Number of protein chains: 2
Amino acid sequence: MPDQPITVALACDHAAVELKHVLIAWLGEQGHATLDLGTDGPASVDYPDFGYALAEAIADGRARFGVALCGSGIGISIAVNRHPQARCARVSEPLSARLAREHNDANVIAMGARLIGPDMARECLATFLATEFLGGRHAGRVAKLDKPPVLKEPA
Amino acid sequence: MPDQPITVALACDHAAVELKHVLIAWLGEQGHATLDLGTDGPASVDYPDFGYALAEAIADGRARFGVALCGSGIGISIAVNRHPQARCARVSEPLSARLAREHNDANVIAMGARLIGPDMARECLATFLATEFLGGRHAGRVAKLDKPPVLKEPA
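These notes cover the structure that comes with them. As the structure is a prediction and not an experimental result, all values here were calculated from the model.

Basis of the calculations
Residues numbered from 1 in each chain as written. Chains lettered and ligands numbered in written order. Predicted model: local features only at pLDDT ≥ 70, side-chain atom pairs only at ≥ 80, totals over all residues. Heavy atoms only, no water. Helix = DSSP H or I, 4+ residues; strand = E, 2+ residues; numbered from the N terminus. Contact = heavy atoms within 4.5 Å. Pairing = 2+ DSSP bridges. Axes fitted to C-alpha atoms, helices over the stretch in contact; angles between N-to-C directions. Salt bridge = Lys/Arg side-chain N within 4 Å of Asp/Glu carboxyl O. Buried < 20%, exposed > 50% of the residue type's maximum accessible area, 1.4 Å probe, protein only.

**Concerning the environment of Gly38(A)**
All names here are of chain A.
Link 1 in the chain: Of note, Gly 38 is situated in the loop between strand S2 (33–36) and helix H2 (47–59).
Link 2 in the chain: Sequence separation between Gly 38 and Ala 113 is 75 residues; the distance between their C-alpha atoms is 15 Å.
Link 3 in the chain: Non-local contacts of Gly 38, meaning those with residues more than four positions away in its chain, are made with Leu 10, Ala 11, Cys 12, Lys 20 and Phe 50.

**Side note on the sheet that holds strand S5 (residues 108–112) of chain B**
Residue and element names in this part refer to chain B.
Link 1 in the chain: Read across the sheet, five strands follow the order S2-S1-S3-S5-S4 without closing on themselves; strand pairing throughout is parallel. Two strands lie at the open edges of the sheet, namely strand S2 (33–36) and strand S4 (88–90), each paired on one side alone. On average, adjacent strands in this sheet sit at an angle of 20° to one another, irrespective of strand direction.
Link 2 in the chain: As defined by bridge partners, strand S1 (residues 7–12) adjoins S2 across four bridges and the pair is classed as parallel. Following the sheet pairing, Thr 7 is matched in S2 by Ala 33.
Link 3 in the chain: Of the strands in this sheet, S1, S2, strand S3 (65–70) and S5 are in contact with helix H1 (residues 17–29), which crosses S1 at around 170°.
Link 4 in the chain: Seen against the sheet, helix H5 (residues 118–130) touches S1, S3 and S5 and runs at an angle of roughly 170° to S5.

**Comments concerning the pattern of salt bridges**
Link 1 in the chain: Within the structure shown, the criterion is met by 22 salt bridges over all chains.
Link 2 in the chain: Its salt-bridge partner being Lys20(A), residue Asp36(A) comes within 2.7 Å of it at the nearest N-O pair. One end of the pair, Asp36(A), is in strand S2; the other, Lys20(A), is in helix H1 (residues 17–29), and 16 residues separate them in sequence.
Link 3 in the chain: By relative accessible area, which is 32% here, Asp36(A) ends up partly exposed.
Link 4 in the chain: Residue Lys20(A) is classed as buried on the basis of its relative accessible area of 0%.
Link 5 in the chain: Glu102(B) serves as the salt-bridge partner of Arg98(B), at 3.0 Å between the closest nitrogen and oxygen. With a gap of four residues between them, Arg98(B) and Glu102(B) both fall in helix H4 (residues 94–104), about one helical turn apart.
Link 6 in the chain: The exposure class assigned to Arg98(B) is partly exposed, which follows from its relative accessible area of 35%.
Link 7 in the chain: A cluster of three or more residues bridged by salt bridges with shared partners is formed by Asp46(A), Asp49(A), Arg141(B) and Lys144(B).

Structure below.
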């Protein structure tokens, strides 16, 4: 766990509302603040909208870390990673959650509510939040993720 | 498998050279053409460089699909997804590979050479290539991945 309470933003589509609330409750128990960016009901929504909102919340400093959830975790992880200040790792077990922090300084963790259960998701998130970036040789690579060449082209 | 042979581009960092060559050999056995974008030796390289090159190869039509490999698959998947025409799914088992195609029309599969073995990687790739996008309600969401709001901002 980080030494001090942090703010964690969470976003999901309709497939992952229940898992999101499990993780919000757990984060609260750990003393962290949460920023719930929706969705909040069973109505069908588009995961890119929620992934983009989450990336913005990270980029503008409203949250230190993010949790991105959809049925598989794939679609919303693609959306989050469109933003050059977001580094989103889609994981299904804790070792990947640890490596995402140690090597990639990931600031968002993506998981699939239809593929892993709530206890595994909580364990991945706990590992993610408890792990520090190693820096060193990894820092230059992470810096390159901030400057994708595609952003230099006309939109 | 797709009805016709396709071109699959592959890119990796130094942690995944051996796995890349396993997959290149298998793709050749299946009758597919491959485009090897490196790296090709043990010298330490930066995964973003190879992820960006792979995304470009997909975007400009040199390859229909891509395979992105690094130690965990996380770093290179983030890099690939910086490009709005790339949709990269980091997977470790075949169900995710199938869902990535069915729901997200993913065109790149990312895997971690230090986390899964060559037989699992080959099975994931085979499933990925054998699965068609479902379209329908998924098509509008995929279209939104092509138009991330961040690209409308100054680079």
